[in-house]
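Below are the chains, spelled out letter by letter.
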Amino acid sequence: MSGASRVTGASRITAHKPSFPSRHLFLTAVLTTAMLLLVAAFKGQKPDSVTIPVELALAPQPEPEPGAGPAEAWREYTVQAGDNLSLLFSRAGLNDADLHHLTSKSEGGRALTRLYPGQSLGFQISNTGDLKALRYQPSKLVTMIYRRQGDSYSVEEQRREPERHYTLASATINHSLFLASQEAGLSANTTMELAYIFAGVIDFVLDPRRGDTFHVLYEDLYLDGEKFADGDILAAEFINRGRSHTAYLYTDQNGDRGYFSEDGVSMRRDFMLAPLDFTRISSHFNPRRLHPIYKTRRPHRGTDYAAPRGTPVFAAGDGRVTKVGYTRANGNYVVIQHGEQVTTKYLHLHRHKVKQGQRVSQKQVIGTVGATGAATGPHLHYEFLISGVHHNPRTVHMKLPSPRSLDAWEMDHFRQKTRHLRLQLAAIRQTQTARRQTTDETGTLL
């Protein structure tokens, strides 16, 4: 764990003793002499002789530097919606020539052209109206400072390290995963991350049952004493229908980070079981389903996920978009090819978010739930095909290749690095078991 937030970077602050230009010393000597003469004249006495050092009186007086004076203050501006760099330079009293000079004469200056609302810019302008430095804060943790050096700009990056607060949370599902997560203090982002970790082994639309439990060890990131972001989930256990699934965050010997089970099996599967934010399923895989509109027995070669209009739909796995279009029956649809054999289809979308030929990654949003085509209400119809043959999306994972496992020589390192995480999960599991044992038959905690 790190301590208080700190600033790191290439800058270094050095303390200096105050110094005075020689012309100031000369003026001081002249004024001192004048004061002595005045005092002597007032008293009617002859003053003692006052000697001004020759080297001080004859010292050459340096010319003032252009724009010299007290250090110029920073002029701070917050990026608003619709702002661009040219508008911000104009507000600071600078012109497009200054802007072009900064972006073209500094390494990384082009990054300044990608501004977002809420970011801040600070300008340090000399007394002659020239830009001396620009301070750009793309995030709360990163500050970039561009300083004028002759005809170009140097770039300095300052990074702050947040405080990491570690939290253990545990809950039992009585109504939904979201409600249980809220009661346990998990944010919406951490809840969705928890679901994504186990998305290859649990369909969070249908699988969770009343009485299922989960335990999570996760980070919250703090800056200046206040939380500003969710951190990583470090370890988690989800007990679904009596079966325990565990996951530990681990960086392997190649530097790749991922979640692995207690046996060193990767939690990342080639395909998610449910390709959207989990809600409820209105219809399951059924080759002899009675179609709700056409009233005929038609194969239902997929799974329908009922969800509010606009719910994001994910790519179930990495692949390439082969078709994007509209038909009367399917409405707006997207088809993705995954390797040589697997194809997934997403029907009745409200909107497409991808184009034909585009490469997509797992969990990338490809569209939103709608009710276009032959649909009685907003839902996603999801199909999974292997070599052109339809398979039940909820059970097809059992026919797919096994996920990656850590090599035997790396398992010792994995166990060593995750030992403290396993102990933490075991402790919270025991605590929850003890709490349940002290609960009476009505469900009231004693």
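1. Some remarks on the overall build of the chain
Of regular secondary structure, the chain possesses seven helices and 21 strands. Put simply, the chain has 446 residues, and 39% of those count as buried. Sequence-distant contacts, at least 24 apart, represent 61% of the contacts inside the chain between residues at least 6 apart. Taken as a whole, the chain presents about 26,000 Å² of accessible surface, with 51% of it coming from carbon and sulfur.

2. Some words on unusual backbone geometry
Of note, Asp224 is a non-glycine position whose phi angle comes to about 55°, a positive value. Within the element layout of this structure, Asp224 appears in the loop between β8 (213-223) and β9 (226-240). Overall, the relative accessible area of 57% leaves Asp224 in the exposed class. The phi dihedral of Ser387 is positive, around 55°, even though this residue is not glycine. Locating Ser387 in the fold gives a position in the loop between β20 (379-386) and β21 (389-391). Overall, Ser387 belongs to the exposed group, its relative accessible area being 52%.

3. Describing the sheet that holds strand β10 (residues 243-251)
Spatial ordering of the open sheet is given by β7-β8-β9-β10-β11, a layout of five strands whose pairing is antiparallel. Because the sheet does not close on itself, it has two edges, and the strands there are β7 (163-172) and β11 (257-260). Direction aside, neighbouring strands of the sheet carry axes that sit 25° apart on average. Here β7 runs beside β8; their pairing, made up of 10 bridges, is antiparallel. What sits directly across from Ser170, in β8, is His215. Contacts from helix α6 (residues 188-197) reach β8, β9, β10 and β11 within the one sheet, and its direction differs from that of β9 by about 35°.

4. Comments concerning the packing of helix α5 (residues 177-184) against α6
Contact pair α5 / α6: the axes reach a minimum separation of 10 Å and the direction vectors enclose 125°. Taken together, α5 and α6 sit at an angle that is classed as oblique. You can see that α5 and α6 cross each other, and the crossing is right-handed. Note on element contacts: α6 touches α5 through Ala188, Thr191 and Met192, opposite Leu177, Phe178 and Ser181. Partitioning the contact of α5 with α6 into residue classes produces four nonpolar, two polar and no charged.

5. A word on the packing of aromatic side chains
Any pair of aromatic rings gets described here by the distance separating the centres and the angle formed by the planes. Per the counting criterion, the structure on display carries 10 aromatic pairs. Relative to Phe414, the ring of Phe260 has its centre 6.2 Å away and its plane inclined at 65°; by these criteria the two rings are edge-to-face. Highlighted residues: Phe260 in strand β11 and Phe414 in helix α7 (residues 408-437), separated in sequence by 154 residues. Phe414 sits in the buried class, given a relative accessible area of 1%. The positively charged end of Arg135 is found above the aromatic ring belonging to Trp74, 4.2 Å away from the centroid. Over the ring of Tyr196 we find Lys363, and its NZ or CZ is 4.4 Å from the ring centre.

6. A short note on helix α4 (residues 96-104)
All of the buried residues in α4 are Leu99, His101, Leu102 and Thr103. Check the buried side of α4 and you find it contacts α3 (85-91), β4 (131-137), β5 (142-149) and β6 (152-161). A distance of 3.0 Å separates the backbone nitrogen of Ala97 from a side-chain oxygen at the start of α4, and that oxygen is part of Asn95.

7. Let's talk about the environment of Ser402
Along the chain, Ser402 falls in the loop between β21 and α7. Using a relative accessible area of 68% as the deciding quantity, one classes Ser402 as exposed. In this structure the C-alpha to C-alpha distance between Ser402 and Ser266, which are 136 residues apart in sequence, comes to 9.5 Å.

8. Section: the nonpolar core
If you look at the biggest cluster of nonpolar residues, it comprises 34 residues, and the most contacted ones within it are Phe198, Phe214, Ile233 and Phe238. For this core, the elements supplying multiple residues, two or more each, are β7, α5, α6, β8, β9, β10, β11 and α7. The contact partners of Phe214, leaving out residues within four places of it in the chain, are Ala169, Ser170, Ala171, Leu177, Ala180, Ser181, Leu186, Leu194, Glu237 and Phe238. Within the second largest apolar cluster, 25 residues are counted, among which are Val354, Val360, Ile386 and Val396.

9. Observations concerning the confidence of the model for the chain
Taken over all residues, the pLDDT of the chain has a mean of 79, while the share at 70 or more is 76%. Considering only residues more than four positions removed or in separate chains, one finds that residues 38-70, a stretch of pLDDT under 50, has 25 contacts.

10. A few points about the pairing of strand β15 (residues 319-327)
When a strand is regular, its side chains alternate between the sheet's two faces. Judged from the two bridges that link them, β15 and strand β18 (residues 359-360) form a sheet pairing that is antiparallel. Each bridged residue has a counterpart across the sheet, and for Arg320 the counterpart in β18 is Arg359. Both β15 and strand β16 (residues 331-338) contribute to a ladder of seven bridges, which runs antiparallel. Bridge pairing in β16 places Val324 opposite Val334.

11. Here's the deal with the pattern of salt bridges
When charged atoms on two side chains of opposite charge get close, those side chains can pair. Under the defined criterion, the tally for this structure stands at 15 salt bridges. Between Arg164 and Glu161 there is a salt bridge, with the nearest N and O atoms lying 3.7 Å from each other. Residue class for Glu161 comes out partly exposed when judged on its relative accessible area of 28%. Of the charged contacts, one joins Arg257 and Asp232 as a salt bridge, the two residues approaching to 2.8 Å between their closest N and O atoms.

12. Quick look at the side chain of Gln124
Along the polypeptide, Gln124 turns up in strand β3 (residues 120-125). Relative accessible area serves as the criterion here: at 13%, Gln124 is assigned to the buried category. Each residue touching Gln124, except ones within four places of it in the same chain, is listed here: Glu72, Ala73, Trp74, Asp130, Leu131, Lys132 and Ala133.

Thresholds applied
Residues numbered from 1 in each chain as written. Predicted model: local features only at pLDDT ≥ 70, side-chain atom pairs only at ≥ 80, totals over all residues. Heavy atoms only, no water. Helix = DSSP H or I, 4+ residues; strand = E, 2+ residues; numbered from the N terminus. Buried < 20%, exposed > 50% of the residue type's maximum accessible area, 1.4 Å probe, protein only. Contact = heavy atoms within 4.5 Å. Areas by Shrake-Rupley, 256 points an atom, 1.4 Å probe, with all protein chains shown as cover. Pairing = 2+ DSSP bridges. Axes fitted to C-alpha atoms, helices over the stretch in contact; angles between N-to-C directions. Parallel < 35°, antiparallel > 145°, perpendicular 65-115°, else oblique. Left-handed = near helix turned anticlockwise from the far one by under 90°. Nonpolar A, V, L, I, M, F, W, Y, C, P; charged D, E, K, R; others polar. Phe/Tyr/Trp six-rings, centres within 6.5 Å; stacked < 30°, edge-to-face > 60°. Lys NZ or Arg CZ within 6 Å of the ring centre and 35° of its normal. Polar contact = N/O pair within 3.5 Å; in protein donor to acceptor, adjacent residues only side chain to side chain. Core = buried A, V, L, I, M, F, W, Y, C linked by side-chain atoms within 4.5 Å. pLDDT = per-residue confidence, 0-100. Salt bridge = Lys/Arg side-chain N within 4 Å of Asp/Glu carboxyl O.

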